[in-house]
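# Coordinate inspection notes
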Amino acid sequence: MAQRRFRPSPLPEWRRSVSIAVLLGVAATALLLRFFGASAVIAASVAGLFGVCGIGLMVFWSRKAGVMTHCVTYCPIGVLATAFGRVSPFRISIAPSCTDCGACTLACRYDALGKADVLRRQPGASCTLCGDCVGRCKGSSIEYRFAGLKPDAARGLFITLVVSLHAAFLGVARLSEPCSAGCDREDNKRCGATNFR
Ligand code: SF4
Ligand code: SF4
């Protein structure tokens, strides 16, 4: 987690290219591991190494910059989530009543509310809809938006949906745990299990 600092440092422009390169690299590595029939130990070791690098990034860059660098630059899920966020019906928008005070910039840990973003009245592509900025604006100029709803209702709906989806997917993950009867792949095929080991 990024350490709270007074002013988060803007990240370099090239971090967008790096995040896409990391995403492609992770996908290619997974395919290669599958193609060459890598053992579970090798696959887990590669995944562990990737995770350790991410922790290093948190400690040596994110904490220093006061920005979730590991989310917006390194984590492939973060890159995908913000990309799909562009088609989300939810938005964070900045109203014309904004006074450019910059208070919301200090709240954003995802490099999405730099000066340029505030001036064009729209958070950057790395916005995660976390809502940290919303409470910082004394004039309520930055808010959640959803067609047909008032900002507070949109925020309530967004939070309800996020909590519900997390609960639902945790439940699905639990249901899809592999059985522990010691079946081999052929046994699993016969009983219809899909999560072969
Ligand atoms: S805190 Fe509110 S008024 Fe200040 S820059 Fe952000 S949106 Fe504008
Ligand atoms: S909701 Fe606000 S604080 Fe959170 S990432 Fe988006 S712009 Fe930044």
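So, a few notes on the structure that sits alongside this text. (Residues numbered from 1 in each chain as written. Chains lettered and ligands numbered in written order. Predicted model: local features only at pLDDT ≥ 70, side-chain atom pairs only at ≥ 80, totals over all residues.)

## Quick notes on the overall build of the protein
Scanning the protein from N- to C-terminus turns up 8 helices and 2 strands. The N-to-C order of helical and strand elements in the protein reads α-α-α-α-β-α-α-β-α-α. Expressed as a percentage of its 197 residues, the buried residues of the protein come to 19%. For the protein, restricting intrachain contacts to residue pairs at least 6 apart in sequence, the fraction spanning at least 24 positions comes to 60%. (Helix = DSSP H or I, 4+ residues; strand = E, 2+ residues; numbered from the N terminus. Buried ≥ 20, exposed ≤ 12 C-beta atoms within 10 Å, placed from the backbone. Contact = placed C-beta atoms within 7 Å.)

## A word on the site of ligand 1
Around ligand 1, the surrounding shell holds 14 residues, and the nearest of these are Cys98, Cys101, Ala103, Cys104 and Cys137. Of the residues contributing to the shell around ligand 1, the split by class is 8 nonpolar, 4 polar and 2 charged. (Near = placed C-beta within 6 Å. Nonpolar A, V, L, I, M, F, W, Y, C, P; charged D, E, K, R; others polar.)

## Details of the nonpolar core
Counting residues in each nonpolar core, the largest one holds 23 residues, and the members touching the most others are Cys108, Tyr110 and Leu113. Listed by contribution, the elements that provide at least two residues to this core are α3 (69-74), β1 (91-94), β2 (142-145) and α7 (151-175). Per-domain counts for this core show at least three residues from each of domain 1 (1-87) and domain 2 (89-174). Those residues in contact with Cys108 that lie beyond four places of it in its chain are Pro8, Leu113, Asp132 and Cys133. (Core = buried A, V, L, I, M, F, W, Y, C linked by C-beta atoms within 7 Å. Domains from an automatic or database assignment.)

## Quick word on the site of ligand 2
Near ligand 2 there are 14 residues, and of these Cys108, Pro123, Cys127, Cys130 and Cys133 occur at the shortest range. For the shell around ligand 2, the class distribution of residues is 11 nonpolar, 2 polar and 1 charged.

## Quick look at the environment of Ile142
Mapping Ile142 onto the fold places it in strand β2. A tally of 26 C-beta atoms within 10 Å means that Ile142 is categorised as buried. Along the chain, Ile142 and Val118 lie 24 residues apart, while their C-alpha atoms are 9.7 Å from each other. In this structure, Ile142 is in contact with Ile92, Ile94, Cys104, Cys133, Val134 and Cys137, ignoring residues within four places of it in sequence.

## Comments concerning the pairing of β1
Side chains of β1 alternate between two faces, with Ile92 and Ile94 buried and Arg91 and Ser93 left unburied. Strand direction decides the pairing type here: β1 and β2, joined by 4 bridges, are antiparallel. Bridge assignment links Ile92 to a residue of β2, and that residue is Tyr144. (Pairing = 2+ DSSP bridges.)

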